[in-house]
Amino acid sequence: MTGASDTRAERELEEERRADRKGGPGHTVLLALALAVPVAKVAYTVGGGDAVRDVFVGMEPANWPDVLLGMVITDPLLGSVLAVVISRLVFALFAARGAVPTGRGRLAHLRRIGVTVLNPLAVGVIDACLFGPWWGLGTGLAAYALRKGVVVEYRTGRRRPHHTHDTAHGSGPGDAHGTAHDPDYRPPPWLRRAAAAEQGAALLLTAVALPSLFFVSALDGQAWTSIVACRVTDGTRTADARLIELSRKGDGVVGWNLDAEEISNGLGCTGTESRFVREPWWRS
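1. With respect to the overall build of the protein chain
Item 1. Helix and strand counts for the protein chain stand at nine helices and four strands.
Item 2. Counting from the amino terminus, the protein chain carries its helices and strands in the arrangement α-α-α-α-α-α-α-α-α-β-β-β-β.
Item 3. Residue burial in the protein chain is summarised as follows: out of 284 residues, 41% are buried.
Item 4. Summarising the internal contacts of the protein chain: among those between residues at least 6 apart in sequence, 67% fall at separations of at least 24.
Item 5. Counting every atom, the protein chain has about 15,600 Å² of accessible surface; 61% of that belongs to carbon and sulfur.

2. Here's the deal with the sheet that holds strand β2 (residues 237-249)
Item 1. Within the closed barrel, the four strands sit side by side as β1-β2-β3-β4. Their pairing is antiparallel. Strand-to-strand twist in this sheet, taken as the mean axis angle between neighbours without regard to direction, amounts to 60°.
Item 2. Both β2 and strand β3 (residues 252-257) contribute to a ladder of six bridges, which runs antiparallel. Counterpart to leucine 243 in the pairing with β3 is asparagine 257.

3. Thoughts on the packing of aromatic side chains
Item 1. Under the counting rule described, the total for this entry stands at one aromatic pair.
Item 2. Seen from their ring centres, phenylalanine 56 and tryptophan 64 are 5.4 Å apart, and the 80° between their planes marks the pair as edge-to-face.
Item 3. Look at phenylalanine 56 and you get buried, because its relative accessible area is 12%.

4. Here we look at the pairing of β2
Item 1. Examined bridge by bridge, strand β1 (residues 227-234) and β2 share eight bridges and lie antiparallel to one another. Along β2, the bridge assignment pairs valine 232 with alanine 239.
Item 2. If you look at the hairpin formed by β1 and β2, you'll find two residues sitting between the two strands, and glycine 235 has a positive phi there, around 70°.
Item 3. The loop that links β2 with its antiparallel partner β3 comprises two residues; one of these, glycine 250, has a positive phi angle of about 60°.

5. Topic: the confidence of the model for the protein chain
In regions of low pLDDT, the predicted coordinates are not meant to be interpreted in detail.
Item 1. Chain-level pLDDT for the protein chain is 79 on average; 72% of the residues reach the 70-or-more range.
Item 2. Counted against residues more than four places away or in other chains, residues 162-180, with its pLDDT under 50, gives 28 contacts.

6. Considerations on the pattern of salt bridges
Think of it this way: side chains of opposite charge can pair up when their charged atoms draw near.
Item 1. Taken as a whole, this structure holds six salt bridges when the rule is applied.
Item 2. Its salt-bridge partner being arginine 237, residue aspartate 234 comes within 3.9 Å of it at the nearest N-O pair.

7. Focus on the state of the cysteines
Item 1. Counted according to the given criterion, the structure contains one disulfide.
Item 2. Shown here is the disulfide that connects cysteine 230 with cysteine 269, its sulfur atoms set 2.0 Å apart. Note on the cysteine 230 and cysteine 269 pair: the S-S dihedral is about 115°, so by sign convention the disulfide is right-handed. Placement of cysteine 230 in strand β1 and of cysteine 269 in strand β4 (residues 262-271) is noted, with a sequence separation of 39 residues between them.
Item 3. Using a relative accessible area of 2% as the deciding quantity, one classes cysteine 230 as buried.

8. Details of the nonpolar core
Item 1. In this structure, Val42, Val46, Val55, Leu210, Phe214, Trp224 and Ile244 are the most contacted members of the largest nonpolar core, which totals 30 residues.
Item 2. Only α2 (24-46), α3 (50-59), α4 (65-74), α5 (76-95), α9 (189-218) and β2 provide two or more residues apiece to this core.
Item 3. No other element matches the six residues that α2 contributes to this core.

9. Quick notes on the environment of valine 55
Item 1. Within the element layout of this structure, valine 55 appears in helix α3.
Item 2. Judged by its relative accessible area of 0%, valine 55 is buried.
Item 3. The sequence separation of valine 55 and valine 254 amounts to 199 residues, and the corresponding C-alpha distance is 9.9 Å.

Cut-off values and rules
- Residues numbered from 1 in each chain as written.
- Predicted model: local features only at pLDDT ≥ 70, side-chain atom pairs only at ≥ 80, totals over all residues.
- Heavy atoms only, no water.
- Helix = DSSP H or I, 4+ residues; strand = E, 2+ residues; numbered from the N terminus.
- Buried < 20%, exposed > 50% of the residue type's maximum accessible area, 1.4 Å probe, protein only.
- Contact = heavy atoms within 4.5 Å.
- Areas by Shrake-Rupley, 256 points an atom, 1.4 Å probe, with all protein chains shown as cover.
- Pairing = 2+ DSSP bridges.
- Axes fitted to C-alpha atoms, helices over the stretch in contact; angles between N-to-C directions.
- Phe/Tyr/Trp six-rings, centres within 6.5 Å; stacked < 30°, edge-to-face > 60°.
- pLDDT = per-residue confidence, 0-100.
- Salt bridge = Lys/Arg side-chain N within 4 Å of Asp/Glu carboxyl O.
- Disulfide = S-S within 2.5 Å.
- Core = buried A, V, L, I, M, F, W, Y, C linked by side-chain atoms within 4.5 Å.

Dropping the structure here:
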């Protein structure tokens, strides 16, 4: 009976390690969102159909990521949640390859602090620059909490790093699944519970909160970039029009003409304060 339990536990650990090495479900969710959300954003904002194709052609392929970037840097909650998810995903990926130092020495302790703190500090600074200090502080603390849970799991042996081919076959320290965990590491019970809750929190953020926030942003009726007021010439007629800026050509702007519903070249453009194009989906 004990052997069967050990085998099942070992199988679960191997599945967790395999998921970490591949980036877990997070990389699949992020890839799907990166492909689907920008198209949904453009479709709802400009009206779908031929307009979507015209917008992407007008943007040129090099500028297509601007849709996703524009959504992230103009929505504090979306940008913060995405930063936390990416921070945790990258750390879990490298932790599965042995990035969490073991041992109780001062050097190992400093290395653990470094790999746990530096990235949350970086995403916190970026968030603070974009959205303000409180957003930066909250993002940094959330990213640190999720990374700390990964460290505790690897140090207590709940997960073990996947090492190189040589290590796995005995030319280095450790067993067939990588180096040993810290046998003398005894985190307090509350920290063990927090580490277990970290997996659930990471899953909710990645699989529920992030997709929901992305699609709310995609359907909020706001342009993903600046709306500019320009002079547009159509044949012999010149008129003022509002354009969603797609790219810049010389001293002018190529954009989606909100009045004529077509791609236009604008000159003498000035920025407008509002990015709203239409009512949000939930009010329409």
